[in-house]
Amino acid sequence: MTAPTPYPQIVLDHFRAPRHRGTLAACTHAADGANPLCGDALRIELRCVDGRIEALAFSGEACAIATATASMLGELVLHRDGADIGALGARFARLLESGDEDAGLGPLNALRPLQQYPARRKCALLPWATLCAALAGAPHATTEPDSA
Amino acid sequence: MTAPTPYPQIVLDHFRAPRHRGTLAACTHAADGANPLCGDALRIELRCVDGRIEALAFSGEACAIATATASMLGELVLHRDGADIGALGARFARLLESGDEDAGLGPLNALRPLQQYPARRKCALLPWATLCAALAGAPHATTEPDSA
Amino acid sequence: MNALHDPAPPLDVERIRADFPLLARTVHDKPLVYLDNANTAQKPAAVIEAVDRFYRETNANVARAVHQLGEEATAAYEASRDKLARFLNAPSRDEIVLTSGTTQAINLVAYSYALPRLQPGDEILVTTMEHHANIVPWQIVCGRTGAKLKVAPISERGELIVDKFVAALTPSVKLAAVAHVSNVLGTINPIAELARAARQRGIPLLVDGSQAAPHLPIDLKALGCDFYALTGHKLFGPTGTGALWARKDILREMPPFLGGGEMIREVRFEGTTFADPPHRFEAGTPNIAGFVGLGAALDYVEALGRERIVEREQALLEHATAALKAVPGLRIVGEAAHKAAVISFLVEGAHAHDLATLLDHEGIAVRSGHHCAHPLMQFYGVPATLRASLAFYNTHEEIDRFVAALVKVRQFLL
Amino acid sequence: MNALHDPAPPLDVERIRADFPLLARTVHDKPLVYLDNANTAQKPAAVIEAVDRFYRETNANVARAVHQLGEEATAAYEASRDKLARFLNAPSRDEIVLTSGTTQAINLVAYSYALPRLQPGDEILVTTMEHHANIVPWQIVCGRTGAKLKVAPISERGELIVDKFVAALTPSVKLAAVAHVSNVLGTINPIAELARAARQRGIPLLVDGSQAAPHLPIDLKALGCDFYALTGHKLFGPTGTGALWARKDILREMPPFLGGGEMIREVRFEGTTFADPPHRFEAGTPNIAGFVGLGAALDYVEALGRERIVEREQALLEHATAALKAVPGLRIVGEAAHKAAVISFLVEGAHAHDLATLLDHEGIAVRSGHHCAHPLMQFYGVPATLRASLAFYNTHEEIDRFVAALVKVRQFLL
Ligand SMILES: Cc1ncc(COP(=O)(O)O)c(C=O)c1O
Ligand SMILES: Cc1ncc(COP(=O)(O)O)c(C=O)c1O
């Protein structure tokens with residue numbers, strides 16, 4: 001019997017071939033997320049129209065967990081109302097803590113094994129925090145507990 | 001089976017009826033010994049002639065161990081050469097640590113049970129330290145470890 | 001005290017004693033009667049085993065590693081912070097700084113809170129009954145800043161004179177520091193009342209809870225003080241553990257004290273940024289196993305029930321006080337109306353250390369000395385007292401043995 | 001190294017492993033391979049049992065009680081000071097201050113030695129490879145005094161550039177502070193040589209021995225430094241223990257740091273006098289059980305023989321270095337000529353944390369991160385490395401399992 005891998009195939013796929021990687025020509029919102037102790041640095045750029053996320057792109061250097069999450073998150077939030085993102089993010093944080101499936105989070109359910117790896121949750125949360133910062137007009141985000 | 005009492009009869013006798021208690025009219029040497037944390041305070045006065053201790057008296061307030069030791073010590077050192085006291089004191093300290101008999105220390109052998117009570121050795125050593133201080137011309141003595 | 005809703009049955013002392021391996025010891029070939037609980041408490045097997053198990057199964061450093069062992073160790077360590085927060089009814093777990101004991105907790109406040117704030121002419125208010133740990137740190141920071149120590153007096157009975165304490169809370173006082181329970185007199189100080197008075201005057205109040213946390217229910221929200229210090233080894237937990245609780249807004253303003261790992265956000269030679277509380281104040285590898293053990297101690301005490309502990313210890317105190325008063329020449333030092341189960345006493349004509357040694361010879365462990373409270377000894381004009389300090393695992397029979405032995409050794413000596 | 005006189009047989013590793021209960025653990029359903037020894041070491045049963053036994057049989061406070069239990073506890077605690085003095089070949093047991101770890105030891109020097117002495121324009125010399133515990137305390141006292149931190153550089157291979165260190169020992173330098181062994185690079189610094197240079201210039205040298213004491217024979221008389229700090233939990237001892245050794249003449253001049261019980265001679269509200277070293281620096285109830293355990297750890301290490309430990313760990317280091325060099329894309333960070341068995345490395349294209357998590361999933365505990373050495377990470381221009389740190393109980397087979405797993409997870413990830 002083997003414990004579930006923290007890196008299911010879909011996570012690896014998104015890490016190796018991330019969707020929405022790049023920058024946006026005309027972006028309305030952007031933020032830089034960084035977990036300096038970990039060495040993760042991600043930029044998320046958005047184009048919102050009437051409060052809806054019509055385009056998203058991320059760039060930067062990050063670990064597989066953060067990169068894959070950013071990629072999957074793009075899939076999930078595109079064409080959604082920016083006002084709904086906070087609640088979605090909270091559901092994602094809950095999923096990481098409980099390990100319980102949340103159908104509404106689609107591919108992000110692949111990160112449920114992180115329930116077993118609490119030290120890595122901050123990596124999965126970084127893209128979310130960065131997205132929320134961008135929507136809120138904040139330039140920076142981090143999910144690093146201050147004592148790393 | 002019972003462990004040896006730290007207060008043999010002879011110690012109690014000397015505590016209850018100390019010899020050489022008092023002060024000397026004409027003293028050549030004197031010192032005050034104090035273990036303030038313990039609450040022991042002893043003064044020893046001597047009259048030395050040609051380096052020999054011809055008279056000794058002690059006064060003050062002290063516990064039974066210190067009082068009895070002072071009393072017995074008077075018996076032992078009277079008419080001895082002051083130059084020999086340091087060596088005798090060292091033998092007494094050894095007796096307390098080892099618990100081994102030292103015939104040359106006479107009645108002070110009654111304090112051998114203090115081998116089992118290291119915290120009380122400083123009480124038995126205080127009269128010795130005070131005597132040595134008096135002979136050396138030092139006004140004060142203590143045997144208190146500085147962290148009591 | 002909880003009598004209205006479903007009163008818990010009284011403590012089953014024989015079962016409880018079986019939880020404490022050391023109580024089965026003999027000393028000088030006599031069964032041990034351990035009455036030195038205010039000095040340090042014995043540990044239930046649950047605590048000893050929690051420490052043991054941690055080293056056998058979970059040992060790793062905390063907050064540093066991403067591996068499974070490190071996760072488990074961190075979770076176990078941080079769980080003790082949660083337990084302490086609950087045990088004290090603290091508003092937030094982030095207000096609990098884990099320290100090596102009360103001494104380090106109070107020094108942290110002295111160096112990090114008081115030192116940067118004190119000016120010449122400022123004062124720190126303490127009381128006559130403080131332990132050295134609640135005097136010397138203030139003397140050190142006063143020495144560095146030109147501030148002065150001010151002492152609120154106590155009565156001959158050993159009670160803080162509240163009016164005088166309140167009157168002493170003048171504008172020059174920048175901090176007041178008071179024991180919740182005196183380690184010598186047993187006096188329980190009226191903290192809520194003192195805190196109210198201090199708060200009205202904008203003066204922060206530090207409470208030294210070393211002797212209270214093991215014996216009384218502590219409700220920080222109700223007490224209303226600003227700092228609360230405690231030590232784990234008196235709370236049936238491992239040595240080398242303790243805590244400082246402080247209000248979040250105060251902690252946030254305090255600069256770091258010890259520098260090192262864990263307490264930083266980012267270190268550069270050009271300048272370092274620090275973590276948020278409580279981690280800002282926890283430099284270096286903590287006593288991880290010790291805190292795991294402390295968590296087990298809190299669980300143990302809560303399972304017994306703190307109301308029931310109070311009840312039992314009050315009964316022991318009454319019994320011991322009455323029995324001691326019948327000993328010829330004995331005088332109790334500290335007769336406050338509200339007391340924890342700590343009894344200091346003197347016996348006419350007998351030195352404290354002689355009696356303590358002779359009692360020890362009978363298997364009875366009491367403390368004799370100044371109890372790290374020189375100024376209080378000076379107040380009473382004695383160099384030392386004897387002290388019997390009780391815990392819930394002591395019995396009426398032990399107290400009877402102790403008092404009978406005291407009568408005997410007194411007679412033997414005098 | 002002792003080959004001429006009666007060489008001891010090599011260590012019997014299977015027997016040694018049986019001494020360490022935690023090594024039998026599984027992690028994620030795989031047998032644990034513990035390669036995070038520089039973070040904290042596992043404990044032999046002798047240590048765990050010494051702590052356990054202390055609580056069951058001897059627990060009492062130290063230096064405070066005249067009763068038998070107190071005598072026994074004090075003797076056990078003080079015996080560990082003797083053992084430490086012997087372990088380090090210190091000139092005197094009174095030069096050993098027991099602390100909660102290296103961090104507290106270095107902070108003690110910072111607050112009690114450096115703070116009162118430093119003037120604006122003065123400098124403290126450290127090196128690029130220091131742990132935060134040997135940087136941040138100096139930054140704190142520099143911040144308070146106007147002194148400045150000065151940094152002696154290292155080479156790309158991770159060796160201290162001795163000439164530059166010596167050249168940096170200018171008259172403005174009031175203290176130099178150097179790791180004996182780097183916790184990231186494994187580099188063994190030439191302490192005797194550095195101490196000689198510092199001594200010639202009248203500059204005291206502090207050595208952070210956290211990573212050296214567990215792995216090298218330490219001879220303070222031969223090293224010639226002025227302060228030596230170590231931490232117990234890396235030395236196979238309990239958490240919350242450590243020590244500062246300092247020359248007696250220096251200790252005597254240092255004012256107290258933390259105030260409280262045990263460190264005083266006499267407390268009066270008008271002024272307090274302090275105990276002599278080492279007690280002057282040991283305020284409050286110490287981690288008594290922890291130090292009893294540390295004594296057992298020293299006994300254990302000495303029974304194995306430190307020369308034999310060095311031999312074995314050097315063999316493990318060679319084996320691991322060679323095996324790791326065969327992993328595609330792997331670069332070792334820190335290739336000093338004299339190294340302890342600590343190997344940091346990077347793998348091209350893979351984040352350290354991803355590899356650490358995947359290795360953990362295979363049962364292999366390595367550390368990934370900055371290792372409390374941000375400035376060193378900045379020097380190498382990386383946010384984090386992976387680090388495998390070995391102890392005498394690790395085996396060649398474990399190293400092979402680790403390297404095979406690393407090859408596998410790298411392939412899996414990339
Ligand atoms: C080189 C070095 N110095 C200092 C420390 C700090 O030791 P501790 O956290 O036990 O105080 C460590 C370990 O973390 C270390 O490796
Ligand atoms: C009232 C009081 N305050 C402070 C302390 C100091 O606690 P510790 O020695 O555990 O730091 C004690 C115990 O010694 C105490 O009784």
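These numbers were taken from a predicted model, which means no experiment stands behind them.

Engineer: In this structure, what is going on with the interface of chain C and chain D? I would like to understand it.
Structural biologist: By a frequent convention, interface size equals the accessible area lost on bringing the separate parts together. Taken together, the contact between chain C and chain D spans 92 residues of the former and 92 residues of the latter. Across the chain C to chain D interface the summed buried area is about 7,000 Å²; carbon plus sulfur atoms make up 59%. In this structure, the connection of chain C to chain D is made through 40 residue pairs in polar contact (both at pLDDT 80 or more). In terms of residues, the side of chain C that touches chain D owes the most to one element, helix α2 (residues 45–58) of chain C, which gives nine residues. Here the residues of the side of chain C that touches chain D sort into 42 nonpolar, 34 polar and 16 charged.

Engineer: In this structure, what is going on with the site of ligand 1? I would like to understand it.
Structural biologist: Taken together, 14 residues lie near ligand 1, and T103, D208, Q211, T231 and K234 of chain D sit nearest. With respect to ligand 1, its neighbouring residues span chains C and D. A distance of 2.7 Å separates an oxygen atom of ligand 1 from a polar atom in the side chain of T285 of chain C. In this structure, an oxygen atom belonging to ligand 1 sits 3.1 Å away from a side-chain N or O atom of H131 of chain D. Here ligand 1 has 390 Å² of accessible area as a free molecule, and 98% of this is covered by the chains.

Engineer: I tried to follow the site of ligand 2 on my own but got confused; where do I start?
Structural biologist: As a matter of local geometry, ligand 2 sits amid 14 residues, with T103, D208, Q211, T231 and K234 of chain C nearest to it. Those residues lying near ligand 2 are distributed over chains C and D. Within the side chain of H131 of chain C, one N or O atom sits 3.1 Å away from an oxygen atom of ligand 2. T285 of chain D places a side-chain nitrogen or oxygen 2.7 Å from an oxygen atom of ligand 2. Look at ligand 2: alone it shows 390 Å² of surface, and the protein chains cover 99% of it. Grouping the amino acids of the shell around ligand 2 by side-chain chemistry returns one nonpolar, ten polar and three charged.

Engineer: Mind showing me how you'd approach the domain arrangement of chain C here?
Structural biologist: All names here are of chain C. Split into domains, chain C comes out as domain 1 (10–39 + 306–413) and domain 2 (48–302). Of note, the centres of domain 1 and domain 2, computed from C-alpha atoms alone, are 28 Å apart. Buried surface at the junction of domain 1 and domain 2, summed over both partners, amounts to about 2,900 Å²; 58% is from carbon and sulfur atoms. Looking at the side of domain 1 facing domain 2, the largest losses of area belong to R306, L376 and F379, adding up to 24% of the total buried there. For the pair domain 1 and domain 2, the interface holds one salt bridge.

Engineer: Whenever I open this one, unusual backbone geometry confuses me. Can you help?
Structural biologist: Residue and element names in this part refer to chain C. The step from P277 to P278 runs through a cis peptide bond, and the omega angle for that step is 0°. Relative to the helices and strands, P278 resides in the loop between β12 (273–274) and α10 (288–304). Phi is positive for H371, close to 55°, though the residue is something other than glycine. Among the secondary structure elements, H371 is positioned in the loop between β16 (367–369) and α13 (374–380).

Engineer: Is there a simple way to think about the packing of helix α3 (residues 68–87) of chain D against helix α10 (residues 288–304) of chain D in this case?
Structural biologist: Two quantities define a packed helix pair, namely the angle between the helix axes and the distance between the axes. All names here are of chain D. The N-to-C vectors of α3 and α10 enclose an angle of 40°; their axes lie 8 Å apart at closest approach. Here α3 is positioned oblique relative to α10, judged by the angle of their axes. α3 and α10 meet at a crossing whose hand is left-handed. Residues A73, A76, Y77, S80, K83, L84 and F87 of α3 touch α10, and the partners they reach there are I288, F291, V292, L294, G295, L298, D299, V301 and E302.

Engineer: Explain the sheet that holds β16 of chain C to me, please; I cannot follow it from the model alone.
Structural biologist: Pairing between sheet strands relies on hydrogen bonds along the backbone, with the strands arranged either parallel or antiparallel. Residue and element names in this part refer to chain C. Pairing within the open sheet is antiparallel, and its four strands lie in the order β13-β14-β17-β16. With partners counted over all chains shown, the strands left at the sheet margins are β13 (330–333) and β16, one partner each. Neighbouring strand axes in the sheet, compared pairwise and without regard to direction, differ in orientation by 30° on average. Across four bridges, strand β14 (residues 342–347) lies against strand β17 (residues 385–389) in antiparallel orientation. What sits directly across from S344, in β17, is R387. Together, β13 and β14 form the strand contacts of helix α11 (residues 306–325), whose direction differs from that of β14 by roughly 5°.

Engineer: Whenever I open this one, the pattern of salt bridges confuses me. Can you help?
Structural biologist: For side chains of opposite charge, pairing can occur when their charged atoms come near one another. Residues and elements named next belong to chain A. According to the stated counting rule, one finds 60 salt bridges over all chains in the structure shown. Between D32 and R43 there is a salt bridge whose closest N-O contact spans 3.2 Å. Taken as a pair, D32 in strand β1 (residues 29–35) and R43 in strand β2 (residues 40–49) lie far apart in primary sequence, eleven residues in all. We classify R43 as partly exposed; its relative accessible area is 29%.

Engineer: Any chance you could explain the interface of chain C and chain B here in plain terms?
Structural biologist: Each partner contributes to the interface: chain C provides 19 residues, whereas chain B provides 23 residues. Together chain C and chain B conceal approximately 1,700 Å² of surface at their shared face, both sides included; 58% is due to carbon and sulfur atoms. Across the chain C-chain B interface, the total number found is one salt bridge. In this assembly, chain C and chain B are joined by eleven residue pairs in polar contact (both at pLDDT 80 or more). Elements represented by at least two residues in the side of chain C that touches chain B include exactly α12 (352–361) and α14 (396–413) of chain C. Residue classes in the side of chain C that touches chain B are distributed as six nonpolar, nine polar and four charged.

Engineer: Teacher, can you tell me more about the environment of G186 of chain C here?
Structural biologist: All names here are of chain C. By the element assignment, G186 lies in the loop between β7 (173–179) and α7 (191–200). For G186, a relative accessible area of 0% gives the class buried. Separated by 148 residues in sequence, G186 and A38 have C-alpha atoms that sit 9.5 Å apart.

Engineer: What is the right way to read the packing of helix α1 (residues 9–16) of chain A against helix α2 (residues 64–77) of chain A from this model?
Structural biologist: Residue and element names in this part refer to chain A. Viewed as axis vectors pointing N to C, α1 and α2 meet at an angle of 90°, and their least axial separation amounts to 8 Å. The orientation of α1 relative to α2 falls into the category roughly perpendicular. Taking contact as the criterion, the partners of I10, V11, H14 and F15 in α1 are, on α2, A64, T67, A68, S71, M72 and E75. Taken together, the residues that form the contact of α1 with α2 break down as six nonpolar, three polar and one charged.

Engineer: Can you help me understand the pairing of strand β10 (residues 242–246) of chain D in this one?
Structural biologist: Residues in a regular strand project their side chains so that they alternate between the two faces of the sheet. Residue and element names in this part refer to chain D. Counted residue by residue, β10 has five buried out of five residues, so it is predominantly covered. Burial along β10 is two-sided: the face carrying G242, L244 and A246 and the face carrying A243 and W245 are both buried. In this sheet, β10 lies alongside strand β4 (residues 96–99) in antiparallel orientation, the contact comprising four bridges. The residue bridging V97 from the neighbouring strand is L244, located in β10. Of the strand pairs in this sheet, strand β9 (residues 227–231) and β10 are connected by five bridges, and their pairing is antiparallel. Within β10, the position partnered with Y228 by the bridge is W245.

The rules we used
Residues numbered from 1 in each chain as written. Chains lettered and ligands numbered in written order. Predicted model: local features only at pLDDT ≥ 70, side-chain atom pairs only at ≥ 80, totals over all residues. Heavy atoms only, no water. Contact = heavy atoms within 4.5 Å. Buried area = accessible area lost by both parts, 1.4 Å probe. Polar contact = N/O pair within 3.5 Å; in protein donor to acceptor, adjacent residues only side chain to side chain. Helix = DSSP H or I, 4+ residues; strand = E, 2+ residues; numbered from the N terminus. Nonpolar A, V, L, I, M, F, W, Y, C, P; charged D, E, K, R; others polar. Near = heavy atom within 4 Å. Areas by Shrake-Rupley, 256 points an atom, 1.4 Å probe, with all protein chains shown as cover. Domains from an automatic or database assignment. Salt bridge = Lys/Arg side-chain N within 4 Å of Asp/Glu carboxyl O. Axes fitted to C-alpha atoms, helices over the stretch in contact; angles between N-to-C directions. Parallel < 35°, antiparallel > 145°, perpendicular 65-115°, else oblique. Left-handed = near helix turned anticlockwise from the far one by under 90°. Pairing = 2+ DSSP bridges. Buried < 20%, exposed > 50% of the residue type's maximum accessible area, 1.4 Å probe, protein only.

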